[in-house]
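Coordinate analysis (summary)
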Amino acid sequence: MSLNNKVACPLDCYDACQAEIIEENIKGSKEHKTTNGKLCVNFANLLKEENLETAYFNNEKISLDESLNILVEKLKSTTPAKTLFYKGSGNLGVMQSAPKNFFTQYGSTLTRGSLCDGGGGAGIEAGRTNVINPPLEKLLNADVIVVWGRNFTETSSHLYNLVKDKTFVTIDPVSTEIAKKSKIHMQINPKTDYELALLFTRFAYMQDLEDKEFIEEFGNGADWFFDVARNRPVVSYEATTGVPLSQVNDFFDLIENKSVAIVLGLGVQKYFEGAQITRCIDSFAAYMGYHKKEAGGVWYLSDSNFGYEKQFEIKGANKKVSIPKVNFGSYDLVFIQGANPVVSHPNTKKVIEGLKDTFVVYFGTTYNDTCEYANLIIPSSSFLSKKDVRLSYGHEYKSISNIVKEKNPNTITEYELASFLIEQFGFEKLKEEDEIISYYENHKPTLEEFETFEFVEEVDIEPLYKEKTSDNFYLITAKHKNSLNSQFAKDDFVYLNSATNFNNGDIVNISSKYGNAQFEVKINDDIKENCAFFYAGNKKVNYLTPNEEDESSFSAMYQEVLIEIELS
Ligand code: SF4
């Protein structure tokens, strides 16, 4: 198969699949280890999407050239620091970073932190410097896989396929598909994952299962960590986590003398102290020596750029604003690339108010909810019509994208837009497109292992259960099988357990201290009684979530909230 027939799936997903065109059909690559010849329903949805075919200015169709001229004129007449560059994860190819290079040189305000994995990443970095996953081989060779706060069958369906015959343990407030396939499902209370990690540590010590050699050779502060774990009676953990001690016993019976992989999801870290929570889990893994065994280890969202030199990065003295706290209305111009903040940013009401109060430029492939507030829409070329490379945050394999479909001449790629703007403003040029692609294609990063592990020595976390009453609920979100964040999402229900006394079809008003919205109820006993569950991409759920940053990484903390539900 010619290399020119290959296309990378651009979607925000662990698997980062490689597709190829075979006799005019698009199929999953067989030679790409994780894709293994199959693509998923989201990829099929992506191919069916209606792409933007023309530019718009104040809802009127205009030509691409006209849209670019308007953008240049606006940028020339606006104070750079009063503009905001806001990039989403609609397409995760490396070439998508080109526009940021221009906006950095121009002097725009940039965002920092993350709406996704930032807190957890900070927790892992605090213990072992780099957020990188072990080689996939170590997952394939593990005996037991602990799926911790991750909807593994939905968010990493290809990775799951490679290990589906293993023994699973799931830790999740929801009885997910993987929970149902697991030997043990600990249906934990939200935001108590660090307590469970401490309880595990306590059990490991009691059963003499800690890895003394690892602790001796690589560990710093293991004694302090253990002191934190034994600070309170074992039985007290049962009440707060909702996990029976008998299940913890069963868990230790199951993992004794086994190689264990922990696949950690985003669920555990969507809180103010997300970094500390993740670090407690990673410290438990270190206490067991999982990080240095022949098989097993801890998988999170790896830094997919690790070991690569960022080809578009340029130094600038730009002002940076924490992404969850962005106030769109405080800028004269907001440039939104491949994002849908009206649905996916916390505190939807504030987002909409802000967007109404500024000049919004939207640059993306499809018309989304945010486009309703855009003054200028510039259509980006389809992923089938531009060169790119997709690195993965789930495994070490990359996917290559070639041009397999003629480009719509009314659209522009990210690289072309950045180059055009750079030329208009006389800024420093980008490297040649082919040089950048070839760098990513040919560079193989060396993933150096850490030499010291810093155990968490002090834990200061305010649990949500202190504020929880019998009348309010934890808010939890997870990805749907048939959508990715706000892309392709069509499910705006609230899911509740039947023990809540609500019924299918009830219309409820749900409120938090950040806002309120109406939802239709669906009853589902997979959801824990004290939780209200929403699929990511639900158009109204972010009316309830905080536009505030976590304590350590300028990142969002969507689940740091309790909500009240009333029949409307
Ligand atoms: S599993 Fe993920 S990367 Fe693979 S085709 Fe589906 S959305 Fe794309």
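Everything discussed here concerns the structure shown above.
Criteria and thresholds
- Each chain has its residues counted from 1, running along the sequence as written.
- Selection of residues for local features in this predicted model requires a pLDDT of at least 70, selection of side-chain atom pairs for listing and counting requires 80 or more, and totals for whole chains, interfaces and linings are taken over all residues.
- The side-chain values count all of the structure's non-hydrogen atoms but skip hydrogen atoms and water molecules.
- In this description, a nonpolar core means a group of buried Ala, Val, Leu, Ile, Met, Phe, Trp, Tyr and Cys residues linked to one another through side-chain atoms lying within 4.5 Å.
- Note on classification: 1.4 Å probe, protein chains only; a residue is buried when its accessible area is under 20% of the maximum for its type, exposed when over 50%, partly exposed between these limits.
- Under the scheme used here, helices are H or I runs from DSSP no shorter than 4 residues and strands are E runs no shorter than 2 residues, and both carry numbers assigned from the N terminus.
- By definition, residues are in contact when any of their heavy atoms lie within 4.5 Å.
- Following DSSP output, two strands are said to pair if at least two bridges run between them.
- Helix axes are fitted to C-alpha atoms over the stretch in contact, other axes to C-alpha atoms as well, and angles between N-to-C directions run from 0 to 180 degrees.
- Throughout this document, a residue counts as near a molecule or strand when at least one of its heavy atoms sits within 4 Å of that molecule or strand.
- Residue classes follow a fixed rule: Ala, Val, Leu, Ile, Met, Phe, Trp, Tyr, Cys and Pro count as nonpolar, while Asp, Glu, Lys and Arg count as charged, and any other residue, Gly among them, counts as polar.
- Any residue with an atom within 4 Å of a point lines the site, the site being either a cavity, points on a 1 Å grid over the protein atoms alone where a 1.4 Å probe fits but cannot get out, or a pocket, an open set with protein on both sides within 12 Å along at least 5 of 7 lines.
- Grid points are joined across faces, edges and corners, and a volume is the space filled by probe spheres set on the points.

A word on the nonpolar core
Of all hydrophobic cores here, the largest spans 85 residues; its most connected members are Trp 148, Leu 196, Phe 200 and Phe 252. By residue number, the principal contributor to this core is helix α9 (residues 193–206), which donates 8 residues. Setting aside residues up to four positions removed in sequence, Phe 200 forms contacts with Trp 148, Ile 171, Met 186, Val 248, Phe 251, Phe 252 and Phe 284.

Observations regarding the sheet that holds strand β9 (residues 167–171)
Strand order in the open sheet formed by 5 strands is β10-β9-β8-β12-β13, with parallel pairing between adjacent strands. Of all strands in the sheet, those with a lone pairing partner are β10 (184–186) and β13 (297–299), marking the two edges. The mean inter-strand angle of the sheet, taken between neighbouring strand axes irrespective of direction, is 15 degrees. The sheet contact formed by strand β8 (residues 144–148) and strand β12 (residues 260–264) spans 5 bridges and is parallel. Looking across to β12, one finds that Ile 145 is bridged to Ala 261. Contacts from helix α14 (residues 274–287) reach β8, β12 and β13 within the one sheet, and its direction differs from that of β12 by about 170 degrees.

Considerations on the site of the ligand
Around the ligand, 11 residues are found, and the nearest of them are Cys 9, Cys 13, Cys 17, Cys 40 and His 158. Of the residues in the shell around the ligand, the class split is 8 nonpolar, 2 polar and 1 charged.

Focus: the pairing of strand β17 (residues 376–379)
On β17, burial covers both faces: Leu 376 and Ile 378 on one face and Ile 377 and Pro 379 on the other are all buried. Judged from the 2 bridges that link them, strand β4 (residues 55–57) and β17 form a sheet pairing that is antiparallel. Considered in β17, the bridge of Tyr 56 is made with Ile 377. By the bridge criterion, 4 bridges tie strand β16 (residues 359–364) to β17 in an arrangement that is parallel. Bridge assignment links Gly 364 to a residue of β17, and that residue is Pro 379.

Considering the environment of Leu 384
Looking at where Leu 384 falls in the secondary structure, it is placed in the loop between β17 and β18 (388–390). When the C-alpha positions of Leu 384 and Val 351 are compared, they lie 31 Å apart, and in sequence the two are 33 residues distant. If we skip the residues at most four places from it in the chain, Leu 384 touches Val 7, Ile 26, Leu 47, Asn 402, Ile 403, Val 404 and Lys 405.

Here's the deal with empty space enclosed by the protein
For the structure on display, the rule yields 3 cavities of 30 Å³ or more. The calculated volume of the largest cavity comes to roughly 60 Å³. Considering the residues around the largest cavity, the lining is formed by Ala 8, Pro 10, Asn 91, Gly 93, Phe 383, Lys 386, Asp 388, Val 389, Arg 390 and Ser 401. Among the elements that take part in the lining of the largest cavity, β18 stands out by supplying 3 residues, more than any other. Classifying every residue of the lining of the largest cavity by side-chain character gives 4 nonpolar, 3 polar and 3 charged.

Looking at the sheet that holds strand β5 (residues 60–62)
With mixed pairing, 6 strands are arranged side by side in an open sheet as β5-β4-β17-β16-β15-β6. Here the strands that pair on one side only, and so sit at the sheet edges, are β5 and β6 (83–87). Each strand of the sheet is rotated relative to its neighbour by a mean of 20 degrees, with strand direction disregarded. Direction of pairing for β6 relative to strand β15 (residues 333–337): parallel, over a ladder of 5 bridges. Of the residues in β15, the one forming a bridge with Thr 83 is Leu 333.

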